[in-house]
Amino acid sequence: MKKFLLLVAAATLTLSATAATPKFAPQAKKAAVTVNLKQTTKSVASQELTATGMLKPGKAARQAKAVVTPEGTAKPYMFSAYLSSLFGLSYNSGLGVNVSTSEDGSKVFFDNMFPMTFNGGEAWVQGNVSTDGTSVTIPSDVVVAELPYQGSIDICYVGELILSGPDEEGYYNIEGVKEAVFTKDGDKYFVEDDETNPMRYIALYCIETDGSIGLWDYILMPSYEPVDFDTTPVELPAGAEPAEYIYYYNDSYGDPMIEQGLVYVDGNDVYMNGLTPGLEAWVKGTKDGNTVTFKAGQFLGLDSYYMFYTPIYTDGTTDEDGYLVAFPGDYTLTFDPETGIYSNLDETKYSAYGLVDGSLYDYGNQYQVKPYAGDVPAVPSDPYNLSIDDYTEYYGQYRLGYTIDPLDVDGNYINPEKLGYYIYLDGEQYTLTPDVFSELTEDMDLIPYGFTDGWDIYDGACYIAEDLFTTLGVQAVYTVDGETNYSNVVSVDMEGNVTTVPAPQLNPDGISNVTAKQITSVAIYDAEGRKLDAAQKGVNVVKMVAADGSVKTVKMYKK
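Residues numbered from 1 in each chain as written. Predicted model: local features only at pLDDT ≥ 70, side-chain atom pairs only at ≥ 80, totals over all residues. Heavy atoms only, no water.

Participant: Got a sec to walk through the pattern of salt bridges? Specific residues and values, please.
Facilitator: In this structure the tally under the stated criterion is five salt bridges. As a salt-bridge pair, Lys107 and Glu71 come within 2.7 Å of each other at their nearest N and O atoms. Within this pair, whereas Lys107 is found in strand β5 (residues 107–111), its partner Glu71 is found in the loop between β2 (65–66) and β3 (75–85), the two being separated by 36 residues in sequence. When the shortest N-O distance is used, the salt bridge between Arg200 and Glu160 registers 3.4 Å. Highlighted residues: Arg200 in the loop between β12 (188–190) and β13 (201–207) and Glu160 in strand β9 (residues 152–164), separated in sequence by 40 residues. Owing to a relative accessible area of 14%, Arg200 belongs among the buried residues under this scheme. Judged by its relative accessible area of 2%, Glu160 falls in the buried class. (Salt bridge = Lys/Arg side-chain N within 4 Å of Asp/Glu carboxyl O. Helix = DSSP H or I, 4+ residues; strand = E, 2+ residues; numbered from the N terminus. Buried < 20%, exposed > 50% of the residue type's maximum accessible area, 1.4 Å probe, protein only.)

If you want it as structure tokens, here you go:
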């Protein structure tokens, strides 16, 4: 299937170093301290600290202690600015923030002014409104937050950088900071560059013990503008009891996706929370006959980047560059009263959502929304995409790759919370132990679906230092109501050759008097005794020989 490119009208724009991205040169002076964002070990933006491993993503935001207490009632605003990043400055628009004003109108409070360092509500910045109401001044001596850094605490402030330069190498010096002044135009607040100062950077900074300036984050041309649409999310009626449904669709890359969600029907009102790809939000549709129409313009809330979203529609039209074009239209599903399935299998019809400016953010197509019958015993589908990445001296590990879907052998959804898998190295079930996997606290044989230790084990990958094996095998395991079913064991060798072994061979709870022993050979025959290279549909006879010479023959039926 064709993979469409994502169209975002508020596209990320990276400034060139010669245009507006400053390079700060390190010096030993205290009065006119300069910082090189690419080389410093301390006074850099939070993204630079992330890259060097000094500050893990989100750590500062979670531990930050807000100092400024906002007054008044917070209202939703859209924030845009050039944000600092590893690649310079990137333009971001539509970030969701809050702004509040004191009762007497003399003070304004900005939330999330530095979204790369703080999450919403964790650090407020206070500004004072001028007597004529045309500007807002942010004092440079008001503490914004306390941020932990390598055992110490940085006291952070906000101010406008005083720069000099550039020099012949393109470096700018930080001469100091001053209070930041925003222009106030009604309910809109912004900082624009001017001819006398073409780069007015607003910075989150700290003062080091030696008097130098340490940058945590910085932005260029920030703008706060009130949201002009209804931000009330769709909510279920009181007392609603939604039913479990499974959402099957293709994502924006054309890859098949399966998500568990909910559907609630109240007369002709149909509520769904799985129709927006990857975003848990309710949307409301209206049923007319067997057609359910979901109107555009419904507010979906904020995602982890604090962007506002509204549902939009696209019909598959692309521009001259191959980008999918979005329209502020409705999306429809057809309801089958016999099966209870909602669907739209037209490849050119997409359910989409985007930023408040109407630009497309994410989308899916070929939806089938099926009722979930509940957890029942089932044979899980076989793992696939197995791989063994080469051992490297640098990491001292192999990367074992595999994919396990929450589906049974007939393609039906099964509960991932009751799904797990075994790993086999050279046909032997492998036990993950704390002495090898440092983040584990106890031995692990059966790995839960989607489990991660945050270090060596991830959903679909396991990094292992063992180097005395030649094949990787993976077997899915599904347990419901005390009944356990197993997939076949799919194996791959170092050359990428894949083989599938019938489940009884390595089924830990299968034929105990054989599987408890080391299997030396497995042969598969059809019902008439002809030897097969692999199991076929119908009846298969599996002959297993153990290391002690014992033989076990079983019949296996493959659908």
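Participant: Describe in detail the side chain of Asn485, supporting the description with residues and values.
Facilitator: Along the chain, Asn485 falls in strand β33 (residues 483–486). In this structure the side chain of Asn485 is engaged in a polar contact, spanning 3.5 Å, whose partner is the backbone oxygen of Ala378. Not counting the four nearest positions on each side in its chain, Asn485 is found in contact with Pro377, Ala378, Val379, Pro380, Ala476, Val477 and Tyr478. (Polar contact = N/O pair within 3.5 Å; in protein donor to acceptor, adjacent residues only side chain to side chain. Contact = heavy atoms within 4.5 Å.)

Participant: Can you tell me about the pairing of β9, naming the residues and giving the values?
Facilitator: For strand β8 (residues 145–149) and β9, the ladder comprises five bridges, and the chain directions are antiparallel. Across the sheet, Pro148 pairs through a bridge with Ile153, a residue of β9. Bridge count for β9 against β13 is five bridges, and the pairing is antiparallel. The residue of β13 that forms the bridge with Glu160 is Ile202. Pairing of β9 with strand β10 (residues 171–178) involves five bridges; the strand directions are antiparallel. Bridge pairing in β10 places Glu160 opposite Lys178. (Pairing = 2+ DSSP bridges.)

What is shown is where atoms sit, not what they do.
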